[in-house]
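# A structural walkthrough
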Amino acid sequence: MARRLDVTGADGVRLTAWEHTIPDREAPDHAAPAGRTAPSGRTAWGDTPSGRTARDRTAVPGIVPQPGPETAARPETAARPGGRSVPRPVRAPQPPRSPQAPPDSGVLLLHGLMGHAGHWAPAVRHLTGGHRIVALDQRGHGASEKPAAGPFTREAYVADAAAVVEQLGLGPVTLVGHSMGALTAWQLAAERPDLVRALVICDMRASALGAASQRAWQDWFRGWPAPFPSLEAVHRWFGDEDPWVETPNPARGAFFAEVMAEHPDGWRPVFDPEQMLTSRETWVHDAHWDSLAQVRCPTLVVRGLDGELGRAEAQEMVRVLPHGAYAEIPDAGHLLHYTHPEAWSEAVEPFLNGVLTP
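Residues numbered from 1 in each chain as written. Predicted model: local features only at pLDDT ≥ 70, side-chain atom pairs only at ≥ 80, totals over all residues. Heavy atoms only, no water.

Attention now goes to the sheet that holds strand β1 (residues 2-8). One open sheet accounts for eight strands, arranged β1-β2-β5-β4-β6-β7-β10-β11; its pairing is mixed. In this open sheet, the two edge strands, each paired with only one partner strand, are β1 and β11 (324-329). Going across the sheet, the axis of each strand differs from the next one's by a mean of 20°, ignoring polarity. Inspection of the sheet shows strand β4 (residues 106-110) paired to strand β5 (residues 132-137) by five bridges, in the parallel sense. The residue bridging leucine 108 from the neighbouring strand is valine 134, located in β5. Running at roughly 155° to strand β7 (residues 196-202), helix α3 (residues 180-191) makes contact with β4, β6 (173-178) and β7 of the sheet. (Pairing = 2+ DSSP bridges. Helix = DSSP H or I, 4+ residues; strand = E, 2+ residues; numbered from the N terminus. Axes fitted to C-alpha atoms, helices over the stretch in contact; angles between N-to-C directions. Contact = heavy atoms within 4.5 Å.)

Structure, rendered in structure tokens:
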């Protein structure tokens, strides 16, 4: 279960966060988050200013949402479905596991581009340390405000995260970020060490992706046949007909169905694709090694074996970090916390409990 929290970000932007209550551990690993009705009568995790979201319809049984092109910021490096079987996750020595962290230990979860807070739900169900866990819908995403004029800069995303930590009394917080959310997390840790106790970086590169990557995304967004006439059409296009799909991938279709809302003319994303491009434009052209080196708190770098972050770059990130550790999750791709929540928790929770226990 998750309780909605309304907060104010930088420049007065309205943000929505979700505080988790850990449900029965025997619940299905990939069950959809409980559909608590928000005050407006819309469904939690997918409510938008207009339209009915995909969560108001029955989900496709057995399908675990996966990311779209953020899985592969560049088509030529797209993660392949499936994955390989390797030994257990390899990780650097980490703090010893504690039975339970203090109940007021704050953890803030930051999703990646085009994601939303609900994508953390499967992973959260596997955490048992008694942390106070809050997931944020970042500006332009989920139920948070999508200001037409922005800004969608690095500074704005970082300032939003800082505002959430301060307003909800989470600091010093452990930041857990995925992809673009991980970049926001480590930039906040570098700029405001007083707010951040520890950091978990999930599958985000420190090197620049470049102009070709951004052009590919522009072309990809412009090729969407939106509005889609039905959710079935969303599943079909993103899972099979999208030129970026090399082999049929129903899970990819399910991911995009989860971030669609129904409008009078059909189904459209809850985010504005142009705002996503603007957000991405502010970080893909630059490398981020300098800010990474400024992070002084304990940091765990986690990658999926078939994700976007390669092993050599991940290990270099650990080397650059003053207090870095490494974990690798077998068979996982970019959205490692969603597709492999149990393995993700096994890699992350000992670190969380170690840094959060006095």
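Alright, that's what it looks like, and here's the rest.
The next thing to look at is the pattern of salt bridges. With the rule as written, the count across this model stands at 13 salt bridges. Arginine 132 is the partner of glutamate 19 in a salt bridge, and the nearest nitrogen-oxygen pair spans 2.9 Å. Separated by 113 residues along the polypeptide, glutamate 19 in strand β2 (residues 14-20) and arginine 132 in strand β5 bring together distant segments of the chain. Here aspartate 265 makes a salt bridge to arginine 268, at a shortest N to O gap of 2.5 Å. Using a relative accessible area of 32% as the deciding quantity, one classes arginine 268 as partly exposed. Through salt bridges with shared partners, one network takes in Arg3, Glu19 and Arg132. (Salt bridge = Lys/Arg side-chain N within 4 Å of Asp/Glu carboxyl O. Buried < 20%, exposed > 50% of the residue type's maximum accessible area, 1.4 Å probe, protein only.)

On to the confidence of the model for the chain. Looking at the chain, the pLDDT average stands at 80 and 76% of residues meet or exceed 70. Here residues 23-52 scores under 50 on pLDDT; set against residues more than four positions off or in separate chains, the count is 67 contacts. Ignoring residues within four places in sequence, the model shows residues 55-103, a span with pLDDT below 50, making 137 contacts including any to other chains. (pLDDT = per-residue confidence, 0-100.)

Turning to the nonpolar core, a few remarks are in order. The biggest cluster of nonpolar side chains holds 71 residues, and the ones touching the most others in it are Leu108, Trp186 and Phe256. If one sorts the elements of this core by residue count, α3 sits on top with eight residues. Excluding residues within four positions of it along the chain, leucine 108 makes contact with Val134, Leu136, Ala161, Val164, Val165, Leu170, Val173, Thr174, Leu175 and Val176. Val107, Trp120, Ala135 and Ile329 belong to the second-largest nonpolar core, a separate cluster that totals 29 residues. (Core = buried A, V, L, I, M, F, W, Y, C linked by side-chain atoms within 4.5 Å.)

Assignment of secondary structure puts histidine 141 in the loop between β5 and α2 (154-167). A distance of 2.9 Å separates a polar side-chain atom of histidine 141 from the backbone oxygen of arginine 139. If near-sequence neighbours (up to four positions away) are discounted, histidine 141 is found in contact with His111, Gly112, Leu113, Met114, Gly115, Lys146, Tyr157, Met180 and Met276. (Polar contact = N/O pair within 3.5 Å; in protein donor to acceptor, adjacent residues only side chain to side chain.)

All right, on to the pairing of β1 then. With seven bridges joining them, β1 and β2 adopt antiparallel strand pairing. Paired with alanine 2 across the two strands is histidine 20, which belongs to β2. Connecting β1 to the next strand, β2, in antiparallel fashion are five residues, including aspartate 11 with a positive phi near 60°.

Before going further, it helps to spend a moment on the pairing of strand β8 (residues 260-263). Of the strand pairs in this sheet, β8 and strand β9 (residues 266-269) are connected by four bridges, and their pairing is antiparallel. Note that in β9 the partner of glutamate 262 across the bridge is tryptophan 267. Between the antiparallel neighbours β8 and β9 lie two residues.

Let's shift gears to the packing of α2 against α3. One way to put it is that α2 packs onto α3 with a least axis distance of 9 Å and a crossing angle of 70°. As judged from the angle between their axes, α2 and α3 are roughly perpendicular. Where α2 approaches α3, its residues Arg154, Tyr157, Val158, Ala161 and Ala162 are matched on the opposing element by Met180, Leu183, Thr184, Gln187, Leu188 and Glu191. Taken together, the residues that form the contact of α2 with α3 break down as seven nonpolar, two polar and two charged. (Parallel < 35°, antiparallel > 145°, perpendicular 65-115°, else oblique. Nonpolar A, V, L, I, M, F, W, Y, C, P; charged D, E, K, R; others polar.)

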